[in-house]
Structure formats: C-alpha cells, structure tokens
Amino acid sequence: IATEPSTTFLAAAPDGSTVAVDMMGRRAYRLTGSRQQNLPLYAHESHSIYTFGVAPDGAIWVWDQLLPGFRIHTAEGAVADFVLPLLETQAVPYPLAMSIGPDGGFLLLGGGKLMRFDRDGTLRWSLDRLAGAVNEALPQAAGLAVDWQRGLIYLADSSGRRIVKLLDRDLAARGKA
C-alpha cells in the first residue's frame, strides 16, 4: 500500500494505451499492456509538466507556462506543433484541467475561469461565474470532463462536493450536424 501522495498523472489515449507523467521523477511514458515506452515530453531540464492531455487523434498536448501555450507532440513524443491562446499573457490562466476536442478546439480550467478556444487559439468564450440566482464563482480548481458530441461540460468541484453540468449550445449544435 502506497503511503505517499501520487505525483503521476494519467491520460487515456484513443489506441487504448495510457500516457503517464511522473512530476517528481520528471519522466513521461506510454503504457500499453505491460510494455512501457519513454516519451520525450519535457522541453528542457527546468521544465515541469502539470497539465497535459491526449487529443482524440492521439497527439499529446503539454502546457508550457513559458510560452504560455501548448506544445503538441506526436504519439511517439516528437514536437509537431504549438498552439498559443490568443490573449494577453496575463489573461491566460494557469490551467489545472483541460480537454481537447475532435476538431482541435480546447477547454482550459484554471484560476476560477473556464475558457473555450478554437484550434488556432482564438477565444470562443470565457466563464468565471455560474448563471442562476446565486451567480456564484466557478471553483478555482476542479476535474474537467467534456462530451464534445453533446456539448456537455462537467466540472468535479471537490471542495463544493458536487458535479457542475454546463451546456455549450454551439458544441451541441455542431454535434447534431
């Protein structure tokens, strides 16, 4: 039984493998069955990976705070592209959760903001408050899951002990087309 908190983050890949990033050990790898393949996701010796995801096409997106933006890697770990959110640097929150859609658009959650971007980094919308009578602020950090086909966005607010369900009508309309 492990007694230390885990510093390894996981993301499922569309090929059934799992991409893992060990923050403390500063290494990344892909697990396929009992096979482990090292991935060169760290940009340099002082780079840290706190947020990453695997896109539906298998590309691995790694947040790089120095850009600030994403380095997009192939499934084997080679750098293939970059995406920079088209905002002033100070307006880009440090993402604590992210999701990448089938069209390359992405959602970032961090600093009490949820932001949706197009593949080219153009901001589609930003949300920092929940609509309703209370008009409460979004959680500072939460788990994020997205049903891109239906336009449903789920935030797992552990401090509020609830799941917040949001609808992106534009995504939902595209999913029906």
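See the structure above.
Residues numbered from 1 in each chain as written. Predicted model: local features only at pLDDT ≥ 70, side-chain atom pairs only at ≥ 80, totals over all residues. Heavy atoms only, no water.

**Student:** Looking at this model, I keep getting lost on the overall build of the chain. Mind explaining?
**Tutor:** Counting its regular elements, the chain contains one helix and 15 strands. Computed over its C-alpha atoms, the radius of gyration of the chain comes to 17 Å, within 12% of the 16 Å expected for a compact globule of 177 residues. Considered along the principal axes of its C-alpha atoms, the chain spans approximately 50 × 40 × 35 Å. Classification of the 177 residues of the chain by burial places 42% in the buried group. The long-range share in the chain, meaning contacts at least 24 apart out of those at least 6 apart in sequence, stands at 34%. Of the roughly 9900 Å² of accessible surface on the chain, 53% is carried by carbon and sulfur atoms. Between the averaged position of the 17 positive side-chain charges in the chain and that of its 18 negative side-chain charges there is a distance of 6 Å. (Helix = DSSP H or I, 4+ residues; strand = E, 2+ residues; numbered from the N terminus. Rg over C-alpha atoms; globule rule 2.2 N^0.38 Å. Buried < 20%, exposed > 50% of the residue type's maximum accessible area, 1.4 Å probe, protein only. Contact = heavy atoms within 4.5 Å. Areas by Shrake-Rupley, 256 points an atom, 1.4 Å probe, with all protein chains shown as cover. Lys, Arg positive; Asp, Glu negative; His and termini not counted. Charge placed at Lys NZ, Arg CZ, Asp CG, Glu CD.)

**Student:** Quick question: what am I supposed to make of a nonpolar patch on the surface here?
**Tutor:** A cluster of nonpolar side chains, namely L67, V79, F82 and L84, defines an oily patch on the protein surface of about 340 Å² accessible area. Residue placement: L84 occurs in the loop between β8 (79-83) and β9 (97-100). (Patch = residues over 30% accessible without salt bridge, like charges linked within 9 Å, V, L, I, M, F, W, Y side chains within 5 Å. Salt bridge = Lys/Arg side-chain N within 4 Å of Asp/Glu carboxyl O.)

**Student:** Sorry if this is basic, but what is going on with the sheet that holds strand β14 (residues 152-157) here?
**Tutor:** Working definition: the strands of a sheet are paired by backbone hydrogen bonds and lie parallel or antiparallel to each other. A sheet is described by the order of its strands in space; here three strands give the open sequence β13-β14-β15, paired in antiparallel fashion. For this open sheet the edge positions go to β13 (143-147) and β15 (162-167), each flanked by a neighbour on one side alone. Direction aside, the axes of adjacent strands within the sheet are offset by 20° on average. Bridging between β14 and β15 involves six bridges; their strand directions are antiparallel. Counterpart to Y154 in the pairing with β15 is K165. (Pairing = 2+ DSSP bridges. Axes fitted to C-alpha atoms, helices over the stretch in contact; angles between N-to-C directions.)

**Student:** So what exactly am I meant to see when it comes to the pattern of salt bridges here?
**Tutor:** It is possible for side chains of opposite charge to pair when their charged atoms get near one another. Applying the stated criterion across every chain yields a total of 12 salt bridges. For the salt bridge of D170 with R116, the shortest nitrogen-to-oxygen distance reads 3.4 Å. Placement of D170 in helix α1 (residues 169-176) and of R116 in strand β11 (residues 113-117) is noted, with a sequence separation of 54 residues between them. Residue D170 is classed as partly exposed on the basis of its relative accessible area, which comes to 28%. Of the charged contacts in the structure, one is a salt bridge between D118 and R124, with a shortest N-O distance of 3.6 Å. We classify R124 as partly exposed; its relative accessible area is 40%. Because the salt bridges share partners, they merge into one network encompassing D103, R116, D118, R124, D168, D170 and R174.

**Student:** Just to check I follow, could you spell out unusual backbone geometry for this structure?
**Tutor:** Leaving glycine aside, a negative phi is the common case for residues, and trans is the common case for peptide bonds. Look at the link from L67 to P68: it is a cis peptide, with omega at -25°. For P68, the location among the structural elements is in the loop between β6 (60-64) and β7 (69-73). Phi angles above zero are rare outside glycine, and R26 is one such case at about 50°. Looking at the secondary structure, you find R26 in the loop between β2 (18-22) and β3 (27-32). Residue R26 is classed as partly exposed on the basis of its relative accessible area, which comes to 32%. Here R161, not a glycine, exhibits a phi torsion of approximately 55°, which is positive. Topologically, R161 is positioned in the loop between β14 and β15.

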